[in-house]
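Breakdown of the fold
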Amino acid sequence: MKSETNIKLPLSFIIFGIIAFVVAQSTLFFGHDFIANGQFRVPPIWSGSHFLLLGFAVMIAMGAMYQLVPVAFLTPIWNEKFGAVQFIVTALGITSFAILLGVHASYAIYGGAIAIIGILMFLFQMLKTLQAQSKKNVMSYFVIGALSALFLAIIAGFTLAWNFSFTPFVSQDPMLFTHITLGVAGWFTLLIFGFSYKLVPMFSLSHGFSMKWAKPAFLTYVIGLVLLIGSYWLETHSIQTVGWILLCGGFTFFGLDVREILTKRLRRKLDKPFAFAVFAIGIGFFVHLIAAILSIAQVKSPTVWSWVVFFYIMGWVIASILGYLYKIIPFLWWTYKYSERIGKEKVPTLKEMINEKASVILFTLFIISIIGLTIGGLYSIGIVVFLFQGLLTITSVLYAISVLKIFFI
Amino acid sequence: MSLLGSVKAALFEVIDPELGINIVDLGLIYDVQVEGNHAKITMTLTTPGCPLHDSITNGVKFRVNQLKGIDDVTVDLVWEPAWSPDKMSERAKEKLHFG
């Protein structure tokens, strides 16, 4: 059975995503004054954050899934031509939506509608693909959970866009928090959990691990999500606290499995980009712990919570993607360029296709930037936010150059 | 060298691009048979659902097909018995440990 997807499909998503990453950081740089003042609900920040989360993170996740789902689940993509159309619709939708949010928010619903059609097409594609999988495993449940959260997140997002454009029919704040929680914690975290169960053992060549915490991690995290979202609508702080404690517990269970996988690895020296993705798991745990503690301590400052969400997105979700992407792109390009030559002639290894030293510098700059931004934002120091958002923007440009250079090897 | 020996030697030239180690030292080759001009290789991968699945099996086919006397190659990819670290050569273990 041929399990690999035509490389052009995942690559289209990934190249779009990398460009969107630079656009997002540049847009946020232009809105640095708003960031410093804790004003996140303004056009430049809406635009930048949607270029980041939809244009970069969602598109990269889709591209990675087109590549990884067939090989990890041993099930070919249902319809690759449909995938190509889905790419065009989603790219057009996200671009127009993110731009309209920045320049004319009341029209954003039209771009949003196209983006939603694209995302629904993706969900349909994955549903048809996963239906063909003969035997479901733990990873399947994480992926199905992530896709369900994405579906609910876009419904919540569409409702928000409707509120902007027409007569609001639901409370804006609970719906916004529901949208963020489902999109960030539901979709991305469950997806990264699921794929980490495949990628961490593979990249570390681990053997004989149990994955005994996978089911508790899934159930605890999903119940935590449900309670957290319920607390927004019921306005009950105690439920929110229990929700955060469960999310932290679910993350801890996942972390215990990752620790066991790494303990039983055969490859002692990990590749630097992969080590960074593992480091992001540590940041993810730290952010969940901080959120649970803040909730227990009844800290309700919107500024503090805004920066917790920021650190959750950048330190856990985006950092994981940046680390894994540095492994996925060489793999895709290698498959395209060299897979037909393996066995015929000497071909480079995947490690030889990347500049590990440059990756260490870039990942370090990324971490310094988000720590600096968080400190500057928490204390509303404009110059600090300006400097570190500037550094993050430069880092994003250098990262894009660094990974795009792989295509010229 | 016999044709069987040539096939076995050729497999040392197929490298896992992620690990940078040849598939024989990795312990991925379970059996090699040659009947007439047909070679049959029974092999596995370190994990089911390895993204390099097709690339490595195709590499085996290409490399063995290049041998004089071989016109047809069958690669039988099996998951039982599952690959385990003890199937690796000392050379591979050393490379992974220090690589």
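Residues numbered from 1 in each chain as written. Chains lettered and ligands numbered in written order. Predicted model: local features only at pLDDT ≥ 70, side-chain atom pairs only at ≥ 80, totals over all residues. Heavy atoms only, no water.

Per an unreviewed UniProt entry, the recorded name for chain B is Metal-sulfur cluster assembly factor, and the organism is Cerasibacillus terrae.

1. Some thoughts on the overall build of chain B
What counts is decided by this rule: By definition, any uninterrupted DSSP run of H or I lasting at least four residues is a helix, any uninterrupted run of E lasting at least two residues is a strand, and each is numbered from the N terminus. When a residue's accessible area, from a 1.4 Å probe over protein chains only, is under 20% of the maximum for its type it is buried; when over 50% it is exposed; and in between it is partly exposed. When checking whether two residues touch, look at their non-hydrogen atoms; a contact exists if any pair is within 4.5 Å. Where accessible areas are quoted, they stem from the Shrake-Rupley method and a 1.4 Å probe; at the residue level, only the protein chains shown are allowed to cover. A residue counts as positive if it is Lys or Arg and as negative if it is Asp or Glu; His and the chain ends are not included. To locate a charge, the coordinates of NZ of Lys, CZ of Arg, CG of Asp or CD of Glu are taken.
Each helix and strand counted, chain B has three helices and five strands in total. Helices and strands in chain B line up, N terminus first, as α-β-β-β-β-α-β-α. Each of the three principal axes of chain B carries a C-alpha extent, and together these read 40 × 25 × 20 Å. For chain B, buried positions account for 52% of its 99 residues. Sequence separation of at least 24 residues holds for 62% of the intrachain contacts in chain B that already meet a minimum separation of 6. A total accessible area of about 4,500 Å² is found for chain B, and carbon and sulfur atoms account for 51% of it. Taking the 9 positively charged and 14 negatively charged side chains of chain B as two groups, their mean positions are separated by 5 Å.

2. Considering helix α7 (residues 172–204) of chain A
Residue and element names in this part refer to chain A. The following threshold applies: Expected helix span is taken as 1.5 Å per residue step, with the number of steps being one fewer than the number of residues. Two axes enter the bend calculation: one fitted to the seven residues ending at the residue in question, the other to the seven starting there, and the bend is the angle between them.
Taking 1.5 Å per residue as the helical rise, α7 with its 33 residues ought to reach 48 Å, and the 45 Å between its terminal C-alpha atoms agrees with that figure. The largest bend in α7 is about 40°, located at S196. The element α7 is extensively covered by neighbouring structure, given that 28 of its 33 residues are classed as buried. In the stretch just after α7, L205 is the one whose phi turns positive, near 50°.

3. A word on the pattern of salt bridges
All names here are of chain A. Here is the rule: Any carboxyl oxygen of Asp or Glu that lies within 4 Å of a side-chain nitrogen of Lys or Arg is treated as forming a salt bridge with it.
As enumerated under the stated definition, the model contains ten salt bridges over all chains in all. Among the salt bridges present, the one from K351 reaches D271, with a minimum N-O distance of 3.8 Å. Placement of the pair is K351 in the loop between α11 (302–338) and α12 (356–378) and D271 in the loop between α9 (237–263) and α10 (272–296), with a sequence separation of 80 residues. On the basis of relative accessibility, which here comes to 31%, the residue K351 falls in the partly exposed class. For D271, a relative accessible area of 4% gives the class buried.

4. As for the packing of aromatic side chains
Residues and elements named next belong to chain A. Applied cut-off: Planes of paired rings set the category: under 30 degrees apart is stacked, over 60 is edge-to-face and the rest tilted, where pairs are Phe, Tyr or Trp rings (Trp by its six-membered ring) whose centres lie within 6.5 Å. Lysine NZ or arginine CZ positioned within 6 Å of the ring centre and within 35 degrees of the ring normal marks a charge as sitting over the ring.
Applying the stated rule across the entire model yields 38 aromatic pairs over all chains. Ring centres of F158 and W162 lie 6.4 Å apart, and the angle between their planes is 50°; this geometry places the pair in the tilted category. On the criterion of helical spacing, the pair formed by F158 and W162 is a turn pair, its members being four residues apart in helix α6 (residues 138–165). Ring centres of F363 and Y399 lie 6.5 Å apart, and the angle between their planes is 50°; on these two criteria the pair is classed as tilted. Note that F363 is positioned in helix α12 and Y399 in helix α13 (residues 382–404), a separation of 36 residues in sequence. Assessed through its relative accessible area of 5%, F363 is described here as buried. Following the ring pairs from residue to residue traces out a cluster consisting of F21, F56, F276, F279, Y326, F363, F366 and Y399. Lying across the ring of F203, K327 places its NZ or CZ 4.7 Å from the centre.

5. Looking at the packing of helix α8 (residues 214–234) of chain A against α9 of chain A
Residues and elements named next belong to chain A. Operational definition: Helix axes use the C-alpha atoms of the stretch in contact, all axes being lines fitted to C-alpha atoms, and the angles between their N-to-C directions lie in the range 0 to 180 degrees. Small angles under 35 degrees read as roughly parallel and large ones over 145 as roughly antiparallel, with 65 to 115 read as roughly perpendicular and the rest as oblique. Left-handed describes a crossing whose near helix is turned anticlockwise from the far helix through less than a right angle; right-handed describes the clockwise counterpart. Side-chain classes follow a simple rule in which Ala, Val, Leu, Ile, Met, Phe, Trp, Tyr, Cys and Pro form the nonpolar group, Asp, Glu, Lys and Arg form the charged group, and the remainder, Gly included, forms the polar group.
Running from N to C, α8 and α9 point in directions that differ by 160°, and their axes come no closer than 7 Å. It follows from the interaxial angle that α8 and α9 lie roughly antiparallel. Seen from above, α8 lies across α9 with left-handed handedness. Per-class residue counts for the contact of α8 with α9 are 17 nonpolar, seven polar and one charged.

6. Focus on the interface of chain A and chain B
Inclusion rule: Put simply, buried area is how much 1.4 Å-probe accessible surface two parts lose in total, over both of them, once they are put together. Polar contact is the term for a pair of N or O atoms within 3.5 Å; when the atoms are in protein, one must be able to donate a hydrogen and the other to accept it, and sequence-neighboring residues count only if both atoms are side-chain atoms.
At the junction of the two partners, chain A supplies 30 residues and chain B supplies 28 residues. Overall, the association of chain A and chain B removes approximately 2,600 Å² of surface from exposure, summing both partners, and the carbon and sulfur fraction of that is 62%. By the criterion of area lost to chain B, the three top residues of chain A are L205, H207 and I342 of chain A, representing 21% of everything that side buries. Linking E18 of chain B and K327 of chain A is a salt bridge whose minimum nitrogen-to-oxygen distance equals 3.0 Å. Taken together, chain A and chain B are joined by six residue pairs in polar contact (both at pLDDT 80 or more). Only α3 (43–73), α7 and α11 of chain A provide two or more residues apiece to the side of chain A that touches chain B.

7. Focus: the pairing of strand β5 (residues 72–77) of chain B
Residue and element names in this part refer to chain B. Rule in force here: Two strands qualify as a pair provided that DSSP identifies no fewer than 2 bridges between them. Whether a crossover is right-handed comes down to one check: with the strands pointing away from the viewer, does the path from the first strand over the helix to the second run clockwise; if it does, it is right-handed.
Where strand β4 (residues 38–43) lies against β5, six bridges are found, and the strand directions are parallel. Bridge assignment links I41 to a residue of β5, and that residue is V75. Handedness of the crossover joining β4 and β5 through helix α2 (residues 53–65) is recorded here as right-handed.

8. A short note on the UniProt feature "domain: MIP18 family-like" (unreviewed entry) in chain B
Note the threshold: UniProt positions are given in the numbering used here, feature names are shortened, and annotations may be inferred rather than shown by experiment.
Taking the UniProt record as the reference, the feature "domain: MIP18 family-like" (unreviewed entry) is found at residues 7–76 of chain B. For residues 7–76 of chain B, the helix share is 26%, the strand share is 31%, and the end-to-end C-alpha distance is 15 Å.

9. Observations concerning the pairing of strand β3 (residues 29–35) of chain B
Residue and element names in this part refer to chain B. In this sheet, β4 lies alongside β3 in antiparallel orientation, the contact comprising six bridges. Across the sheet, the residue bridging to V34 is A39, located in β4. A loop of two residues connects β3 with β4, the two strands running antiparallel in sequence, and G36 in this loop sits at a positive phi of about 65°.

10. Brief notes about the nonpolar core
Note the threshold: In these notes, a set of buried Ala, Val, Leu, Ile, Met, Phe, Trp, Tyr and Cys residues joined through side-chain atoms within 4.5 Å is what counts as a nonpolar core.
Ranked by size, the top nonpolar core spans 175 residues in total, and within it F56, M65, W187, I318 and F366 of chain A together with I41 and V64 of chain B carry the most contacts. Per-element tally for this core: the top contributor is α11 of chain A, with 24 residues. What M65 of chain A contacts, discounting residues up to four positions off in sequence, is P70, F122, M126, V143, L147, W187, L191 and F195 of chain A.

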